[in-house]
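Results of the structural survey
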Amino acid sequence: MQIVKPSVFENLFVLELANNHWGQIERGKKIIRDFASVARHNGVKVAIKLQFRDVGNFIHKDFKGRKDVRYVWKTEATRMSTSDYRQLIDEIIQTGCIPMATPFDEESVDLCASFDLPIIKIASSDINSWPLLEAVAKLGKPVIVSTGGAGDKETDDVVKFMQSRGVPLALNHCVSLYPSEDNELELNQIEYLANRYPELVIGWSSHEQYDWEASMFISYAKG
């Protein structure tokens, strides 16, 4: 039997906006325009990915406002309104790219739904966060899951969960090191995942600090 994989994932390059715009709308729009220009010049299919968090509830009340904890003040600095996100998503669409997002909580899944985002991303840290996965699955949108430090059982579980609900699914191999370099990437895992889940598109999520070219070429060649 020939396996037909969802075309939405084929030859898709996902460019991460994340916290790079520091909550500044004009900075975010410039990054989007720059990404889109590179995509058009190279003739590639590109999605630009945001990160959604319910910042008010994401940080424990005992840590809110802490300037001495990097991840606290970074997260608080990127709090954005729904209208702010709308501007960025409109910019992504107008530049010819695909908008998508990683929701980190159920409130953020509702935000994905309100924007009717065509692709949802699950972070490796949430590969078995079942309330979040259940909320995402109910949207019925194509989903990309990063495997990170997950073992076979955790990955099998999320694959069966999404497939049982008819959700188009792709997996991203990644290593949970931020940043990571060439000697730490374990790119043979791409082949392992492709053999274990032949019905899925397998991708690679890159977190290098310096040179990304070699891992991109190798991961793309591995399929």
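Residues numbered from 1 in each chain as written. Predicted model: local features only at pLDDT ≥ 70, side-chain atom pairs only at ≥ 80, totals over all residues. Heavy atoms only, no water.

Some details on the overall build of the protein chain
Helix and strand content of the protein chain: nine helices and seven strands. Its C-alpha atoms give the protein chain a radius of gyration of 17 Å, within 12% of the compact-globule value 17 Å for 223 residues. The dimensions of the protein chain, computed from C-alpha atoms along their principal axes, are 50 × 40 × 35 Å. With 223 residues in all, the protein chain has 44% of them scored as buried. Carbon and sulfur atoms provide 51% of the accessible area of the protein chain, an area that totals close to 11,900 Å². Of the side chains in the protein chain, 25 bear a positive and 31 a negative charge, and the two mean positions are spaced by 4 Å. (Helix = DSSP H or I, 4+ residues; strand = E, 2+ residues; numbered from the N terminus. Rg over C-alpha atoms; globule rule 2.2 N^0.38 Å. Buried < 20%, exposed > 50% of the residue type's maximum accessible area, 1.4 Å probe, protein only. Areas by Shrake-Rupley, 256 points an atom, 1.4 Å probe, with all protein chains shown as cover. Lys, Arg positive; Asp, Glu negative; His and termini not counted. Charge placed at Lys NZ, Arg CZ, Asp CG, Glu CD.)

Some thoughts on the nonpolar core
Of all hydrophobic cores here, the largest spans 47 residues; its most connected members are Leu50, Phe52, Leu117, Val143, Val145 and Met162. The next biggest cluster of nonpolar side chains, apart from the first, holds eight residues, and it includes Leu12, Met100, Ile119 and Ala170. (Core = buried A, V, L, I, M, F, W, Y, C linked by side-chain atoms within 4.5 Å.)

A closer look at a nonpolar patch on the surface
Together, Phe13, Val44 and Tyr220 make up a nonpolar patch on the protein surface, roughly 270 Å² of accessible area in all. Phe13 gets classed as partly exposed once you look at its relative accessible area, which sits at 31%. (Patch = residues over 30% accessible without salt bridge, like charges linked within 9 Å, V, L, I, M, F, W, Y side chains within 5 Å. Salt bridge = Lys/Arg side-chain N within 4 Å of Asp/Glu carboxyl O.)

Examining the sheet that holds strand 2 (residues 45-52)
On the basis of which strands lie adjacent, the open sheet formed by seven strands has the order 1-2-3-4-5-6-7 and parallel pairing. Lying at the two open borders of the sheet, with one neighbouring strand each, are strand 1 (12-16) and strand 7 (201-204). The average undirected angle you get between the axes of adjacent strands in this sheet is 30 degrees. Strands in contact with helix 4 (residues 82-94) are strand 2 and strand 3 (98-103); relative to strand 2, the strand with the most contacts, it is inclined by about 175 degrees. (Pairing = 2+ DSSP bridges. Axes fitted to C-alpha atoms, helices over the stretch in contact; angles between N-to-C directions. Contact = heavy atoms within 4.5 Å.)

Remarks on the side chain of Ser215
Examined against the element boundaries, Ser215 turns out to sit in helix 9 (residues 213-221). Taking the relative accessible area as the measure of exposure, Ser215 reaches 1% and is therefore buried. Non-local contacts of Ser215, meaning those with residues more than four positions away in its chain, are made with Leu185, Leu187, Trp204, Ser206 and Glu208.

Things to note about the environment of Leu169
If you trace the backbone, Leu169 turns up in strand 6 (residues 169-173). With relative accessibility at 2%, the residue Leu169 sits in the buried group. Residues contacting Leu169, with those up to four places away along its chain left out, are Phe9, Val143, Val145, Val158, Val159, Met162, Leu200 and Val201.

Examining the packing of helix 6 (residues 130-139) against helix 7 (residues 152-164)
Put simply, helix 6 and helix 7 touch, their axes get as near as 10 Å, and they point 30 degrees apart. Compared by their axis directions, helix 6 and helix 7 come out roughly parallel. The handedness of the crossing between helix 6 and helix 7 comes out as right-handed. Only Asp157, Val158, Phe161 and Met162 of helix 7 make contact with helix 6, whose side of the interface consists of Trp130, Leu133, Glu134 and Ala137. Of the residues contributing to the contact of helix 6 with helix 7, the split by class is six nonpolar, no polar and two charged. (Parallel < 35°, antiparallel > 145°, perpendicular 65-115°, else oblique. Left-handed = near helix turned anticlockwise from the far one by under 90°. Nonpolar A, V, L, I, M, F, W, Y, C, P; charged D, E, K, R; others polar.)

What about the pattern of salt bridges?
Overall, the coordinates contain 13 salt bridges when judged by the stated rule. The partner of Asp90 in a salt bridge is Arg86, with the nearest N and O atoms 3.1 Å apart. Highlighted residues: Asp90 and Arg86, both in helix 4, separated by four residues, approximately one helical turn. Residue classification places Asp90 among the partly exposed residues on the basis of a relative accessible area of 29%. Residue classification places Arg86 among the partly exposed positions, given a relative accessible area of 28%. If you follow the salt bridges from partner to partner, you end up with Asp152, Asp156 and Arg196 in one network.

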